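Observations on the three-dimensional arrangement
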Amino acid sequence: MSPPGGGQKVRLLKSALEDIQDENRVILFVDSYDVIFSSGPRELLKKFQQAKHRVVFSAETLIWPDRHLEDKHPHVREGKRFLGAGGFIGYAPNLKKMLSDWSGADSDSDQLHFTKIYINPEKRVNEVVLKFEDGRVRARNVLYDTLPVIIHGNGPTKVKPFTVMIQNSYDLLISSSEYPVVVIGIFIQQPTPFVTVFFERLLNLKYPKNRLQLFIYNQESHHGPHVRTFLEYHESEYQGVKLIGPEEDIDPVTSRNIGFDMCRDNIDCEYFFSVDVDVVLKNEDTLRILIELNKPFIAPMMTKPRLLWTNFWGALSADGYYARSEDYVDIVQRHRMGLWNVPYVSHIFLMKADALRTDLKDPDLFESATLDPDMAFCSKVRNKGVFMFVTNVHTYGRVLSTENYQTNHLHNDLWQVFENPVEWEERYIHENYSNVLKDGFIETPCPDVYWFPVFTDVACKHLIEEMEHFGQWSGGGNTDNRIQGGYENVPTIDIHMNQVGYEKEWQKFLLDYAAPVTEKMFPGYYTRAQFDLAFVVRYKPDEQPALRPHHDASTFTINIALNQVGIDYQGGGCRFLRYNCSINAPRRGWALLHPGRLTHYHEGLPTVEGVRYIVVSFVDP
């Protein structure tokens, strides 16, 4: 491996040509291990004859092994300048003559020999892209707009190309007791939003739980309650569970190896499914689909909303870092769908246990002096000859942003409206909200009062618990230093959004979910969704059961019920005096939208039992 080598190829070719006497015989020579044939002999011969030369060599971009010969190469008007010895074609007599004076050793360079007859080499093909037309795939040299018959990935700069590989799959059309045993490795390495949702999605995987073993690594004390709650209710459903908590002080790399060993050491384990906790598994069939694709190493493509980010790299740079591949955008946007051979994956992947026990049995898979653990792992997987695949045939889910995630609140996920808006909406916005605008899913219980669903039960529960956890309820008196002027004409017992640091998030909610309804129901009025006051009110019979008639200091008011009449409290509601119209049974998570000044003089009806919570916003004061 140390000398240039290749001399044996010249020796063997020279010997083979001795028995060929036909002067019109055309001989094709190519390297074998790094060459792809993309067409057949008919096209090859046609292109050779069109060249109108007796011998044609492949051309390369870089010169090797002797850079001092560069100036001796003729300049070309188009294409690459230097000769490559990995492929050439010519008539037998001409090739015999070209090889007649070879007397070198096998360790000598064949490239240098041919270069001295003409001149020199290359390392990488940047111009080749796979084109998909009418169900056919063909590599096109987009720089010169040609269709190569033979593609040579020369030297150590080769990157495994994207390849469509849909064959060799199988179906799990078997009873649940025959499903392969899978160890699922769950890794929590940093504070992460929506961990509770992660475990909910894990439970929803369509795979027999008695064929699943869980390995859970949790480095964050903050997530300890989330893990314990999940195990308290569901540990018995799984074949087995191993938990490593923050108190054991095990580093992330070691945890990965422990997870692999849990599968390696179990003779029944057939797969290891590695999932980082920031993965949102939307597709409940993900595990089954990956197993059916029957690959030693495969990952579902995961994206981030509105970004071109995914959990795979399409190519590598010369130093082993990220490089954008020609096909990347089309694959991410699923304009091209299939199973793709890639050089790097992260966050989620499925490995066959056989690969872990053989090619990937080394304990240092994640260790490198220059690369981070994920890059080191993928590098060693590649070097062991285990192909990594990513599939985008189905949509599987996404990866959360963990940036700016704070852990100083009771329900920190409430603050994720900016960082992870899609996940925030799925968690906190009512499932029927989308019908409000397109299907007119809005009720009008009183004149110019609009009633529509906006919050999930979870959102209502979290808002109540967050405020009670904060605990600094106002006294309900007229003197109030929290507001401008220090005097409240119609006071309530409440906590303002700015007291818990939620004013920016609340305005985002109003802009995205209240303003569109306002503009639909009050045509011609465009709200800025600005507010001086947004607060959660608490009504209790022995504290403040009701609120006297008043106008709101707003252009319009949003009033959202956070708990349920008849279950959490008795009584309550809102009465609009001008119209003698009452809403006596507010629905949890539903919003009342009404004008604040002049026309809609209203009062809060008495709560006679339990505790009633509402969240109120005075918008566009």
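Residues numbered from 1 in each chain as written. Predicted model: local features only at pLDDT ≥ 70, side-chain atom pairs only at ≥ 80, totals over all residues. Heavy atoms only, no water.

The gaps left among the atoms become clear once a water-sized probe is rolled over them. In this structure the tally under the stated criterion is five cavities of 30 Å³ or more. Around the largest cavity sit Trp451, Asn559, Ala561, Gly573, Cys574, Ile583, Pro586, Arg587, Trp590, Leu592 and Arg612, which together line it. (1 Å grid on protein atoms, 1.4 Å probe; cavity = no way out; pocket = protein on both sides within 12 Å on 5 of 7 lines; lining within 4 Å. Points joined across faces, edges and corners; volume = space filled by probe spheres on them.)

If you check which residues of helix α11 (residues 373–383) are buried, you get Met375, Ala376, Phe377, Cys378, Ser379, Val381 and Arg382. For α11, the side-chain oxygen to backbone nitrogen distance between the N-cap and Asp374 is 3.2 Å, and the N-cap itself is Asp372. (Buried < 20%, exposed > 50% of the residue type's maximum accessible area, 1.4 Å probe, protein only. Helix = DSSP H or I, 4+ residues; strand = E, 2+ residues; numbered from the N terminus. Polar contact = N/O pair within 3.5 Å; in protein donor to acceptor, adjacent residues only side chain to side chain.)

A few words on the pattern of salt bridges. Summed over the entire model, instances satisfying the criterion amount to 29 salt bridges. Asp494 is the partner of Arg482 in a salt bridge, and the nearest nitrogen-oxygen pair spans 2.6 Å. Pair noted here: Arg482 is in the loop between α14 (457–470) and β24 (494–496) and Asp494 is in strand β24, with a separation of twelve residues, a long-range link. Accessibility expressed as a relative area gives 26% for Arg482, which makes it partly exposed. We note a salt bridge from Lys508 to Asp512, for which the minimum N-O separation is 3.1 Å. Of this pair, Lys508 and Asp512 both sit in helix α15 (residues 503–521), four residues apart, which is roughly one turn of that helix. On the basis of relative accessible area, Lys508 is assigned to the partly exposed category, the value being 25%. (Salt bridge = Lys/Arg side-chain N within 4 Å of Asp/Glu carboxyl O.)

The subject of this paragraph is the state of the cysteines. Counted according to the given criterion, the structure contains two disulfides. Sulfur-sulfur distance for the disulfide between Cys263 and Cys269 comes to 2.1 Å. Given an S-S torsion of about -85°, the disulfide between Cys263 and Cys269 has left-handed geometry. With respect to class, Cys263 is no different from Cys269; both count as buried. Residue pairing for Cys446: its cysteine sulfur links by disulfide to Cys581, the two sulfurs lying 1.9 Å apart. The chirality of the disulfide connecting Cys446 with Cys581 is left-handed, given an S-S dihedral of about -85°. Remark: Cys581 occurs in strand β30 (residues 581–583) and Cys446 occurs in strand β22 (residues 443–446); sequence separation between them is 135 residues. Judged by its relative accessible area of 2%, Cys446 falls in the buried class. The exposure class assigned to Cys581 is buried, which follows from its relative accessible area of 12%. Of the cysteine sulfurs around Cys460, a residue in no disulfide, the closest is that of Cys574, at 17 Å. Considering cysteine sulfurs only, Cys446 is the nearest to Cys574, which forms no disulfide, with 7.8 Å between them. (Disulfide = S-S within 2.5 Å.)

Time to look at the packing of helix α1 (residues 7–17) against helix α3 (residues 92–99). Across the interface, α1 lies against α3 with an axial gap of 10 Å and an inter-helix angle of 135°. Comparing their axes, α3 and α1 come out oblique. Handedness of the α1/α3 crossing: left-handed. Here Val10, Leu13, Lys14 and Leu17 of α1 lie close against α3, whose contacting residues are Leu95, Lys96 and Leu99. (Axes fitted to C-alpha atoms, helices over the stretch in contact; angles between N-to-C directions. Parallel < 35°, antiparallel > 145°, perpendicular 65-115°, else oblique. Left-handed = near helix turned anticlockwise from the far one by under 90°. Contact = heavy atoms within 4.5 Å.)

Another aspect to go through is the sheet that holds strand β1 (residues 26–30). Within a sheet, each strand pairs with its neighbour through backbone hydrogen bonds, oriented either parallel or antiparallel. Read across the open sheet, the three strands follow the order β1-β4-β3; overall the sheet is antiparallel. With partners counted over all chains shown, the strands left at the sheet margins are β1 and β3 (55–60), one partner each. When strand polarity is set aside, the average angle formed by the axes of neighbouring strands in this sheet is 25°. Sheet topology places β1 next to strand β4 (residues 82–91); five bridges connect them, and they run antiparallel. Bridge pairing links Val30 to Gly87 in β4. With respect to the sheet, helix α2 (residues 41–51) is in contact with β1, β3 and β4, its orientation differing from that of β4 by roughly 100°. Across the sheet, helix α4 (residues 110–117) touches β3 and β4, and the angle it forms with β4 is around 75°. (Pairing = 2+ DSSP bridges.)

Read across the sheet, four strands follow the order β26-β32-β29-β30 without closing on themselves; strand pairing throughout is antiparallel. Two strands close off the open sheet at either side, each with one partner strand: β26 (547–550) and β30. Between one strand and the next, the sheet's axes are offset by a mean angle of 15°, whatever the strand orientation. Where β26 and strand β32 (residues 602–604) come together, two bridges link them in antiparallel fashion. Within β32, the residue paired with Leu547 across the bridge is Gly604.

It is worth spelling out the side chain of Asn412 at this point. With respect to the helices and strands, Asn412 occurs in the loop between β21 (397–399) and α12 (421–428). Looking at Asn412, the relative accessible area reads 5%, which means it is buried. Within the structure, the side chain of Asn412 is placed 2.9 Å from the backbone nitrogen of His409, a separation counted as a polar contact. Here Asn412 is in contact with His222, Tyr405, Gln406 and Thr407, once residues within four sequence places are set aside.

All right, on to α12 then. For α12, every residue scored as buried is listed here: Glu423, Trp424, Arg427 and Tyr428. Taken down its axis, α12 places every buried residue within 110° of arc, on the same side. (Arc of directions from axis to C-beta.)

The subject of this paragraph is the packing of aromatic side chains. Taken as a whole and assessed by the stated rule, the structure comprises 37 aromatic pairs. In this arrangement the basic side chain of Arg256 is found over the ring face of Phe187, its NZ or CZ atom lying 3.9 Å from the centre. The side chain of Arg587 reaches across the aromatic face of Trp451, ending 4.2 Å from its centre. (Phe/Tyr/Trp six-rings, centres within 6.5 Å; stacked < 30°, edge-to-face > 60°. Lys NZ or Arg CZ within 6 Å of the ring centre and 35° of its normal.)

We now examine the domain arrangement of the protein. When cut into domains, the protein gives domain 1 (7–152), domain 2 (182–399) and domain 3 (412–619). Using C-alpha coordinates to define each centre, domain 1 is positioned 42 Å away from domain 2. (Domains from an automatic or database assignment.)

Here we come to the side chain of Arg612. Looking at where Arg612 falls in the secondary structure, it is placed in strand β34 (residues 612–619). Salt bridges are absent for the buried Arg612, whose nearest opposite-charge side chain, Asp568, sits at 10 Å. Here Gly573 takes part through its backbone oxygen, which lies 3.5 Å from a polar atom of the side chain of Arg612. Non-local contacts of Arg612, meaning those with residues more than four positions away in its chain, are made with Val537, Arg538, Tyr539, Asn563, Tyr569, Gly572, Gly573, Pro586, Leu605 and Thr607. (Lys, Arg positive; Asp, Glu negative; His and termini not counted.)

Here the focus is the UniProt feature "domain: Fe2OG dioxygenase" (unreviewed entry) in the protein. The sites that UniProt annotates as "domain: Fe2OG dioxygenase" (unreviewed entry) are residues 530–621. Secondary structure across residues 530–621 divides into 0% helix and 53% strand, with the first and last C-alpha atoms of the span separated by 8 Å. (UniProt positions renumbered as here; feature names shortened; annotations may be inferred.)

Formed by 48 residues in total, the largest nonpolar core has its most connected members in Phe455, Trp506, Phe509, Ile560 and Leu562. Of all the elements, α15 adds the most residues to this core, at six residues. Among residues more than four places away in sequence, those in contact with Ile560 are Val454, Phe455, Trp506, Phe509, Gly589, Trp590, Ala591, Tyr613, Ile614 and Val615. Cys269, Met301, Trp313 and Tyr328 belong to the second-largest nonpolar core, a separate cluster that totals 41 residues. (Core = buried A, V, L, I, M, F, W, Y, C linked by side-chain atoms within 4.5 Å.)

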